[in-house]
Amino acid sequence: MAATALKTDDTAPNSTLHHLSNLQPISSTTAEYIPKAGILLSRAPILTAPQSSFEKAFYFYQKRLNERLAMPYARYFYFKKDTPADTDRKIKERERNWTAARELGGYRAYGEEAWNDELLSEETSAAGETAKAFGKMGMAEPKYLLDTLVKDARVRAVEGKDGAAVEVKEGEGEVEMGAGESKIEKPLSRFTESDKKNDVTRLDRQLTRTLYLLVKPAKGSWIFPQGSLEGKENLHQAAERILVQTGGVNMNTWIIGHVPVGHHTLPPRFSKTTPENPTPQLESPGSKTFFMKGRIMAGQADLSANTFGYTDFKWLTKEEIRKHVSTRYWSYVQNMLADR
C-alpha cells in the first residue's frame, strides 16, 4: 500500500519529497525569525538531599549492624590503663552500654539481645524529649546524632594534682581543672543566613538544590540571559560573549558542550490583511532562542555594565522560576531544568 501510494508516472529516479514541497525553509537567514543564543547558567547542588524517614532508619540500622558484626577494637592498645584518656573513654562507654559507636543510644551490641538492632517505631523516642525535639525519628535524626557526637567530644577526665585521673562532671569546675576548655567546632547548618533572609541574589542559599540565573528586562517578564548571534558566531561562542556582557567578568563560568539543550520560539507579528493589502506585511520579526547549558564555579553576577538593559537578577530553583516567568515561556523551558 505504501509503495503504491508513492508510485509516479515518471520512470526517472526522483528523490523529491512531495509532501514537504509546500513548506517554507527554516534557516538562520529567514527574515521572519532572528536566531538567538540563551544561557541556562546554574549552580550545582553543594549538599546531598535531605534524608527521608526510611533513609534515616536504614542508616541507623546499618550502624548498629556494623557495631555488632565488627570485631571490637583493642582498647588497651590505644589507651594506657588508668590515664586520663582511658578514664575519659570508660566514662563515656559506660553511659552507652560499652558500645564503641558514640551515636547509637543505649543499644547493647553484645549479649543475648544484640540481634535486635533495628530501629523500632517506639524506639525513636528512647532518647527522651530532647531527641524528639529534633524530629519524629528521634535519635535517628541527623541533628540529634550531630549533637551527640559534639557532646561526646567534651573531655570528661583530667589529670589531678597527684597524677591520678579525675572525673569532671559538666559544669563542675571544668575551666579550673582544664576540661572542656578547647572549643568544639560544630558543622555548619544546612540552612544559611541567605535562606533565613530569603536573599535570592546570593548563591549560598538552597544548598541542596540547583539554582539558575534569571534576569529582568526593562520591559516584560523574567527570562534567562539571551542575545542575538553576531557575525559568524556559533551558539557556544555567542553564549560565552552574552554571559560576559550580561553578568560581567567577575564570574568563573563554563559553557557545557556545543549543542543546545532546548529552545524557545517567539512568533513574528504581521499586519492585518485588508482588501487593498491582501498580503500581510511583517511588522516585527520573531525569534528562535537556543539555550546552552552553563555552570558557575565562583564569583557573582554584576549587571551594572550589562549591554542588554537588564535591571535585576535572581538565583532561583525550578519551582521558583515557574512563579517568575510567563506560562508560555515556562512550557518551553521546564524540561530543561533539573528537578533537584
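Residues numbered from 1 in each chain as written. Predicted model: local features only at pLDDT ≥ 70, side-chain atom pairs only at ≥ 80, totals over all residues. Heavy atoms only, no water.

Peer 1: Help me out: how do you make sense of the packing of aromatic side chains in this one?
Peer 2: Aromatic rings considered in pairs are described by the distance between their centres and by the relative angle of their planes. Considering all chains together, one arrives at seven aromatic pairs under this definition. Ring plane angle 80 degrees and centroid distance 6.0 Å describe the contact between F224 and F291, whose orientation is recorded as edge-to-face. Of this pair, F224 sits in the loop between strand 4 (211-216) and strand 5 (226-228) while F291 is found in strand 10 (residues 286-299), placing the two residues 67 residues apart along the sequence. Here the two residues F224 and F291 agree in accessibility, since each one is buried. Three or more aromatic residues link up through ring pairs in this structure, and these residues are F54, F58 and Y59. Above the face of the Y33 ring, K288 is positioned so that its terminal group lies 4.4 Å from the ring centre. (Phe/Tyr/Trp six-rings, centres within 6.5 Å; stacked < 30°, edge-to-face > 60°. Helix = DSSP H or I, 4+ residues; strand = E, 2+ residues; numbered from the N terminus. Buried < 20%, exposed > 50% of the residue type's maximum accessible area, 1.4 Å probe, protein only. Lys NZ or Arg CZ within 6 Å of the ring centre and 35° of its normal.)

Peer 1: Explain the side chain of H236 here, please?
Peer 2: Topologically, H236 is positioned in helix 9 (residues 235-247). Among the polar contacts listed, one links the side chain of H236 to the backbone oxygen of G257, at a separation of 2.7 Å. For H236, the contacting residues outside a window of four places in its chain are I255, G257, H258 and M292. (Polar contact = N/O pair within 3.5 Å; in protein donor to acceptor, adjacent residues only side chain to side chain. Contact = heavy atoms within 4.5 Å.)

Peer 1: So what exactly am I meant to see when it comes to the nonpolar core here?
Peer 2: One recurring pattern in soluble globular proteins is that nonpolar side chains are buried together. Ranked by size, the top nonpolar core spans 37 residues in total, and within it L41, F224, W315 and I321 carry the most contacts. Of all the secondary-structure elements, those providing two or more residues to this core are strand 1 (33-43), strand 4, helix 9, strand 6 (251-256), strand 10, strand 11 (312-316) and helix 11 (327-333). Ranked by size, the runner-up nonpolar core spans seven residues in total, among them F60, A101, M139 and Y144. (Core = buried A, V, L, I, M, F, W, Y, C linked by side-chain atoms within 4.5 Å.)

Peer 1: Hey, could you run me through helix 2 (residues 53-69) in this one?
Peer 2: Every α-helix winds through 3.6 residues per turn, so residues three or four apart in the chain are directed the same way. With 17 residues, helix 2 ought to run about 24 Å at 1.5 Å a step, and its terminal C-alpha atoms sit 24 Å apart, in line with that. Tucked inside the fold, the buried residues of helix 2 contact helix 6 (142-152). (Expected span 1.5 Å × (residues − 1).)

Peer 1: Would you mind showing me how to read the environment of M336 here?
Peer 2: Here M336 is to be found in the segment after helix 11. With 43 residues separating them along the chain, M336 and K293 place their C-alpha atoms 9.1 Å apart. Residues within four places of M336 in sequence aside, it is in contact with L40, Y212, V261, G262, H263 and F291.

Peer 1: Sorry if this is basic, but what is going on with the confidence of the model for the protein chain here?
Peer 2: Detail in the predicted coordinates should be disregarded across regions flagged by low pLDDT. Summing up the model confidence of the protein chain, the mean pLDDT is 81 and the portion of residues at 70 or higher is 77%. Low pLDDT, under 50, characterises residues 1-8; the stretch is placed with zero contacts to residues that sit more than four places away or in other chains. Taken as a whole, residues 173-181 scores under 50 in pLDDT and shows 15 contacts with residues more than four places along the chain or in a different chain. (pLDDT = per-residue confidence, 0-100.)

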